[in-house]
Amino acid sequence: MKRRDFLVIGSLLLLSLVLLFVLRVGKKAGNEVIVRVDGQEQGRYSLSTSGQYELNGGTNILCIEDGKAYMESADCPDKVCIHRGKISKAGETIICLPNRLTVTVSGEVEIEGFTG
């Protein structure tokens with residue numbers, strides 16, 4: 001490898017880190033979560049109200065506390081939705097593929113002056 005190759009690789013890595021930082025910092029706290037099963041909205045829950053909610057006929061248990069939502073339990077084999085951890089920023093999502101369930105934080109996402 002030549003010196004130019006290292007410069008190109010280093011520049012790409014630096015650009016990637018800057019973009020990751022901008023995307024993470026640009027997210028604002030959400031105000032509610034939207035629960036969908038098979039793409040159909042099943043409910044909305046405020047992040048300002050603590051509670052436990054049975055989703056999808058009891059296959060998943062969603063917990064909300066301290067302005068954050070997380071999947072407490074699920075009957076799926078891989079438990080990826082549980083390992084996702086807590087979400088609270090607009091656009092963050094918990095997905096349980098075996099149960100066809102998504103939990104998404106709603107709110108505005110602002111990236112370098114643009115809101116969406």
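Everything below is about the structure shown above.
Let me begin by describing the structure that accompanies this report.

Conventions we followed
Residues numbered from 1 in each chain as written. Predicted model: local features only at pLDDT ≥ 70, side-chain atom pairs only at ≥ 80, totals over all residues. Heavy atoms only, no water. Helix = DSSP H or I, 4+ residues; strand = E, 2+ residues; numbered from the N terminus. Buried < 20%, exposed > 50% of the residue type's maximum accessible area, 1.4 Å probe, protein only. Contact = heavy atoms within 4.5 Å. Areas by Shrake-Rupley, 256 points an atom, 1.4 Å probe, with all protein chains shown as cover. Core = buried A, V, L, I, M, F, W, Y, C linked by side-chain atoms within 4.5 Å. Salt bridge = Lys/Arg side-chain N within 4 Å of Asp/Glu carboxyl O. Pairing = 2+ DSSP bridges. Axes fitted to C-alpha atoms, helices over the stretch in contact; angles between N-to-C directions.

## Here we look at the overall build of the protein
Turning to step 1, where the next piece is worked out: Summing up its helical and strand segments, the protein has 2 helices and 9 strands in all.
Turning to step 2, where the next piece is worked out: For the protein, the sequential pattern of α-helices and β-strands runs α-β-β-β-β-β-α-β-β-β-β.
Turning to step 3, where the next piece is worked out: Here the protein holds 116 residues, and 29% of them are scored as buried.
Turning to step 4, where the next piece is worked out: Taking the intrachain contacts of the protein between residues at least 6 apart in sequence as the baseline, contacts between residues at least 24 apart amount to 34%.
Turning to step 5, where the next piece is worked out: As displayed, the protein has an accessible area near 7,800 Å², and 56% of this comes from carbon and sulfur atoms.

## Notes on the nonpolar core
Turning to step 1, where the next piece is worked out: By size, the foremost hydrophobic cluster in this structure holds 19 residues, and its most contacted members are Val 33, Leu 55, Leu 62 and Val 103.
Turning to step 2, where the next piece is worked out: Only β1 (32-37), β4 (60-65), β5 (68-74), β6 (93-96) and β7 (101-106) provide two or more residues apiece to this core.
Turning to step 3, where the next piece is worked out: Discounting residues that sit within four places of it in the chain, Val 33 has contacts with Gly 43, Arg 44, Tyr 45, Leu 47, Leu 62, Ile 64, Ala 69, Val 103, Thr 104 and Val 105.

## A look at unusual backbone geometry
Turning to step 1, where the next piece is worked out: Phi is positive for Asn 56, close to 55°, though the residue is something other than glycine.
Turning to step 2, where the next piece is worked out: With relative accessibility at 30%, the residue Asn 56 sits in the partly exposed group.
Turning to step 3, where the next piece is worked out: The backbone of Lys 79 shows a phi angle near 60°, a positive value even though the residue is not glycine.
Turning to step 4, where the next piece is worked out: As for its placement among the helices and strands, Lys 79 is situated in the loop between β5 and α2 (80-83).

## A closer look at the pattern of salt bridges
Turning to step 1, where the next piece is worked out: Counted under the stated rule, the structure contains 3 salt bridges.
Turning to step 2, where the next piece is worked out: Here Arg 100 makes a salt bridge to Asp 38, at a shortest N to O gap of 2.6 Å. Taken together, the residues span a long stretch of sequence, with Arg 100 in the loop between β6 and β7 and Asp 38 in the loop between β1 and β2 (40-46) at a distance of 62 residues.
Turning to step 3, where the next piece is worked out: One salt bridge in this structure joins Glu 41 and Arg 44, with 2.8 Å as the shortest N-O distance.
Turning to step 4, where the next piece is worked out: The exposure class assigned to Glu 41 is partly exposed, which follows from its relative accessible area of 40%.
Turning to step 5, where the next piece is worked out: Among the ionic contacts, a cluster of salt bridges with common partners joins Glu 32, Glu 41 and Arg 44.

## Considerations on the sheet that holds strand β3 (residues 51-55)
Turning to step 1, where the next piece is worked out: Taking strand neighbours across the sheet as the criterion, the 3 strands line up as β3-β4-β5 in an open arrangement whose pairing is antiparallel. Two strands lie at the open edges of the sheet, namely β3 and β5, each paired on one side alone. For this sheet, the mean angle separating the axes of adjacent strands, direction not counted, is 25°.
Turning to step 2, where the next piece is worked out: Where β3 meets β4, 5 bridges bridge the pair, whose relative direction is antiparallel.

## Quick word on the pairing of β1
The side chains of a regular strand alternate between both faces of the sheet.
Turning to step 1, where the next piece is worked out: Direction of pairing for β1 relative to β2: antiparallel, over a ladder of 6 bridges. Looking across to β2, one finds that Glu 32 is bridged to Ser 46.
Turning to step 2, where the next piece is worked out: Turn length for the β1-β2 hairpin, with the two strands adjacent in sequence and antiparallel, is 2 residues, and the turn residue Asp 38 shows positive phi of about 55°.
Turning to step 3, where the next piece is worked out: For β1 and β7, the ladder comprises 6 bridges, and the chain directions are antiparallel. Each residue of the ladder has a partner; that of Val 35, found in β7, is Val 103.

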